[in-house]
Amino acid sequence: MKRSIILFAICIFSINSYAQDAKMKTFIDALMQKMTLEEKLGQLNLPGSGDIVTGQAGNSDIAKKIEQGKVGGLFNIKSVAKIKEVQKLAVEKSRLKIPLIFGMDVIHGYETVFPIPLGLSCSWDMDLIKRSARIAAVEASADGINWTFSPMVDIARDPRWGRIAEGSGEDPYLGSQIAKAMVTGYQGTSYAGNTSIMSCVKHYAMYGATEAGRDYNTTDMSHQRMFNEYMPPYKAAVEAGVGSVMASFNEVDGVPATANKWLMTEVLRKQWGFKGFVVTDYTGINEMVDHGIGDLQTASARALMAGIDMDMVGEGLLTTTQKSLKEKKVTLAQIDAACRRILEAKYKLGLFDNPYKYCDENRAKTEIFTASNRAEARSTAAQSFVLLKNNNNVLPLKKSGTVAVIGPLADNKENMPGTWSVAADFSKATSLLTGLKEVVGSQVKIITARGSNLDEDSLFEDRAGMFGKSLHRDSRPAEVILQEALDVAKGADVIVAALGESAEMSGESSSRSNISIPKAQQDLLKALVATGKPVVLVLFTGRPLALKWENDNVPAILNVWFGGSEAGYAIADVLFGDVNPSGKLSTTFPQNVGQVPIYYAHKRTGRPLGEGKWFEKFRSNYLDVSNDPVYPFGYGLSYTSFTYSEIQLSSASAKGNQTIKATVKVTNSGSVTGKEVVQLYIRDVVGSVTRPVKELKGFQKIELKAGESRDISFNISPEDLKFYNYDLKYDWEPGEFTIMIGTNSRDVKKATVNWAK
Ligand code: BGC
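Reference entry: report on the structure contained in this document. (Residues numbered from 1 in each chain as written. Predicted model: local features only at pLDDT ≥ 70, side-chain atom pairs only at ≥ 80, totals over all residues. Heavy atoms only, no water.)

Remarks on the overall build of the protein chain
Helix and strand counts for the protein chain stand at 22 helices and 27 strands. Radius of gyration (C-alpha) of the protein chain: 27 Å, near the 27 Å computed for a compact globule of 757 residues. Projected onto its principal axes, the C-alpha positions of the protein chain cover 75 × 70 × 55 Å. Split into buried and exposed, the 757 residues of the protein chain put 59% on the buried side. In the protein chain, the share of contacts with a sequence separation of at least 24, taken over all contacts with a separation of at least 6, comes to 78%. Of the accessible surface of the protein chain, which amounts to about 29100 Å², a share of 51% is contributed by carbon and sulfur atoms. Within the protein chain, the 84 negative side-chain charges are centred at a point lying 4 Å from the centre of the 88 positive side-chain charges. (Helix = DSSP H or I, 4+ residues; strand = E, 2+ residues; numbered from the N terminus. Rg over C-alpha atoms; globule rule 2.2 N^0.38 Å. Buried < 20%, exposed > 50% of the residue type's maximum accessible area, 1.4 Å probe, protein only. Contact = heavy atoms within 4.5 Å. Areas by Shrake-Rupley, 256 points an atom, 1.4 Å probe, with all protein chains shown as cover. Lys, Arg positive; Asp, Glu negative; His and termini not counted. Charge placed at Lys NZ, Arg CZ, Asp CG, Glu CD.)

Below you can see the structure in the form of structure tokens.
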């Protein structure tokens, strides 16, 4: 009975969506019949919109193009007033009155800024992540935006790459869950109403595997690695119904992604069934000239024929496609297909019904940076922090006595939102110092000093302070700045050292060959530790850093990433124990940059290092450092502690599609309530191709009171054992599997299962 109701509902839904699709097709067919070739190409054009100033849009170069029907959309324009003004040009002055689509890099919040994506991923909390995307969509849509260039789901295993900050870390399973949560958060269940915006998953594909961690560099890997390790999050976004996809800058198999037909058409559309539109990245077509693919006309023709629908900034499609059509380098069918996809996106968003659907000044006044959004951002930020070390329970701090807050990042509000905070109003962000003072009021005396500059090199500091995020460099000699801090520290019971990276030391075009805390700050940290007072390192960073010295010498380390506009308060909440930290790393933290790339789901090699060993001649290791990271994937401490029982299996063997239940009893063995992420890993012991030492296959975030225990179970089915084999067939192979459950990827309980086909 229940099944027939569900089937009936599915039938009604399918009939409905079929009818809607048919209606859309009729509308777009009619519109396209009226369009000239030039107008069709106009829809594929997404120019840069730098020169749009309220009240002057009508005189700009862009305005003329809009009136001529040569613009499909614009991006990164902030405010309803400006957006309304240009939309008016499109729907009142262009011949066919086709509305524009308005995009923006709403990456981790709009004006209410959430933690950078790498930080957010450490919450391992999908509802929380989805809510953050929903709030971002509500705020952005209240300000005229209907399309976001997010989520960025590039798997990244090289912390030299600055854009590791923008994604969800190294793991395809976690990354896929987050991709789904973000897409559904932005897009909601439908575009009805005006708070859901179209999501754009990026950067398709494999952008995070850039050689040497240098941005925009070459990428090359086996197809097996692609499909098993790098593709899953893009695919998950497509399965979640993402409306658009952004092509990446890098090459794939020797062809830039932007011109890679196999990637854009064969895999994305034919294998995965993607129905939305594909936009290039910023000047992605033009850059193929430098890649050595040919002149702009060739690059544009190849992009279009590969499956690109919209050209960001470079105008290659707009300016060269007519010639290419005459020369038969492109087909009209392909131009029509691309144009149709852009029109469909606008239709689905409801822009043909109401081009000003997202331009409600009243919403702009009342729905952005609200108290409730800020409260959500504050609690979300606290969930993203990862407690890396806490010797002798230095943390949480007592709400009494004197705390010295020292470091170049202690009182810098511009830095709190982190990279890619296009819509943020830095003046509204709260520095750590202000946050601490407001949270603990008069209970704690807070004293402060700068202690050092971000880095000794002022030019480096300039590069690391772009986009209005100045570090306010102190021009006094380093010794004077340091001595002042040591004098201040004398009066403190505990020192909070606010150090690490500035916001723009990660993000786009911010690769580093040295992933340590800059030396000027390290010198300060060493001097603070040498005072003998308890030191808490509050670490700001957009990437995993090499923290060997810090881990060996600093009593407590709280990694706060860049927590967003409310991070100053959230850090105070965690430092003083109002919130118990529960973040778990989504990337491995190496001992030094020489170990990079380092990730938990590595292969074994033919000469694996013996368990517990750190060097054996003729084994796969280094002479000068062990193979271990400082902090493994999945790691993070709490103010309480958790113990795990051995794994109980419902059966040690299975056949075919059976399910096995693996259970552990998790106990909060400490003295306060805390959250724990219980992680399931599986190893396929023998395979027709080599298999990783373990792979994340499930997790559950739970909360336990002090002394409380709970049985946590995972149902494991053959779906969890599947992988892409040598022939890229997605299947599982019978044999022995090691089931691992634990608090991080290193510390796990193990059990063995034999699975027959
Ligand atoms: C970035 C994209 C971004 C685009 C638009 C590019 O430089 O790679 O991630 O969405 O700019 O701002």
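Examining a nonpolar patch on the surface
Side chains of W614, F615 and L623 sit close together on the surface and give an oily, nonpolar patch of about 340 Å² of accessible area. If you trace the backbone, F615 turns up in the loop between α22 (567-575) and β17 (642-644). (Patch = residues over 30% accessible without salt bridge, like charges linked within 9 Å, V, L, I, M, F, W, Y side chains within 5 Å. Salt bridge = Lys/Arg side-chain N within 4 Å of Asp/Glu carboxyl O.)

Section: the environment of D720
Relative to the helices and strands, D720 is located in the loop between β23 (709-716) and β24 (723-724). Distance in space between the C-alpha atoms of D720 and A247 is 29 Å, their sequence separation being 473 residues. Excluding residues within four positions of it along the chain, D720 makes contact with I682, K697 and N715.

Digging into the nonpolar core
Counting residues in hydrophobic clusters, the biggest one holds 120 residues, and the most contacted among them are W147, Y204 and M231. A domain split of this core shows at least three residues from each of domain 1 (1-34) and domain 3 (642-756). Residue contacts for M231: discarding those within four places in its chain leaves Y204, A205, M206, M226, L263, V267 and W272. Membership of the second largest hydrophobic core comes to 78 residues, among which are V386, V405, L454 and L537. (Core = buried A, V, L, I, M, F, W, Y, C linked by side-chain atoms within 4.5 Å. Domains from an automatic or database assignment.)

A short note on the sheet that holds strand β16 (residues 556-559)
Spatially, β11-β16-β15-β14-β12-β13 is the arrangement adopted by the six strands of the open sheet, whose pairing is mixed. The outermost strands of the open sheet, each flanked by one partner alone, are β11 (386-390) and β13 (445-449). Pairs of neighbouring strands in the sheet enclose a mean axial angle of 20°, with direction left out of account. Sheet topology places strand β14 (residues 494-500) next to strand β15 (residues 535-540); six bridges connect them, and they run parallel. Pairing of A497 across the sheet is with L537, part of β15. (Pairing = 2+ DSSP bridges. Axes fitted to C-alpha atoms, helices over the stretch in contact; angles between N-to-C directions.)

Let's talk about the packing of aromatic side chains
Each aromatic ring pair is characterised by the separation of its centres together with the angle its planes make. Considering all chains together, one arrives at 24 aromatic pairs under this definition. With a centroid separation of 6.0 Å and 75° between ring planes, the pair formed by Y207 and F249 is classed as edge-to-face. A residue pair is termed long-range when its members are at least 10 positions apart, and Y207 in the loop between β5 (198-204) and α8 (223-230) and F249 in the loop between β6 (244-247) and β7 (251-252) qualify at 42 residues. Here Y207 and F249 have matching classes, each one buried. Note on W561 and F589: the rings are 6.1 Å apart at their centroids and 75° apart in plane angle, and the pair reads as edge-to-face. You can see W561 sitting in the loop between β16 and α22 and its partner F589 sitting in the loop between α22 and β17, a full 28 residues away along the chain. Since its relative accessible area comes to 0%, F589 is described here as buried. Ring-pair connections join several aromatic residues into one group, and the members of that group are W124, Y173, Y600, F633, Y681 and F699. Over the aromatic face of Y599 sits the side chain of R157, whose NZ or CZ is 4.3 Å from the ring centroid. (Phe/Tyr/Trp six-rings, centres within 6.5 Å; stacked < 30°, edge-to-face > 60°. Lys NZ or Arg CZ within 6 Å of the ring centre and 35° of its normal.)

Focus on the site of the ligand
Taken together, 14 residues form the shell around the ligand, and within it D105, R163, H203, D281 and E508 come nearest. In this structure, K202 approaches the ligand through a side-chain N or O atom, which is 2.8 Å from an oxygen atom. Side-chain polar atom of H203 to an oxygen atom of the ligand: 2.7 Å apart, as the coordinates give it. Grouping the constituent residues of the shell around the ligand by class yields seven nonpolar, two polar and five charged. (Near = heavy atom within 4 Å. Polar contact = N/O pair within 3.5 Å; in protein donor to acceptor, adjacent residues only side chain to side chain. Nonpolar A, V, L, I, M, F, W, Y, C, P; charged D, E, K, R; others polar.)

Some details on the sheet that holds strand β26 (residues 735-742)
Across the sheet, five strands lie side by side as β19-β27-β26-β21-β22; this open sheet has mixed pairing. The sheet is open, and its two borders are formed by β19 (653-655) and β22 (695-704), each paired with just one other strand. Across the sheet, the mean angle from the axis of one strand to that of its neighbour is 25°, orientation sign disregarded. With eight bridges joining them, β26 and strand β27 (residues 748-756) adopt antiparallel strand pairing. Counted as the bridge partner of G742 is V748 from β27.

A closer look at the pairing of strand β20 (residues 660-668)
Side-chain direction in a regular strand flips from residue to residue, so the side chains alternate between the two faces of the sheet. Most of β20 sits out of view: seven of its nine residues are buried. Where β17 and β20 come together, three bridges link them in antiparallel fashion. Looking across to β20, one finds that T643 is bridged to T667. Both strand β18 (residues 648-649) and β20 contribute to a ladder of two bridges, which runs antiparallel.

Side note on unusual backbone geometry
Residue S150 is joined to P151 through a cis peptide bond whose omega torsion reads 10°. In this structure, P151 sits in the loop between β4 (147-148) and α7 (172-187). Positive phi values are uncommon outside glycine, yet N393 reaches one of about 45°. For N393, the location among the structural elements is in the loop between β11 and β12 (402-406). The backbone of S509 shows a phi angle near 55°, a positive value even though the residue is not glycine. Note on placement: S509 falls in the loop between β14 and α20 (519-530).

What about empty space enclosed by the protein?
For the structure shown, the criterion picks out five cavities of 30 Å³ or more. For the largest cavity, the calculated volume is near 100 Å³. Around the largest cavity sit 15 residues that line it, and P117, M152, S168, I178 and M182 are the ones nearest its centre. For the lining of the largest cavity, the secondary structure elements donating two or more residues are α5 (117-121) and α7. If you tally residues by element for the lining of the largest cavity, the top one is α7, at four residues. (1 Å grid on protein atoms, 1.4 Å probe; cavity = no way out; pocket = protein on both sides within 12 Å on 5 of 7 lines; lining within 4 Å. Points joined across faces, edges and corners; volume = space filled by probe spheres on them.)

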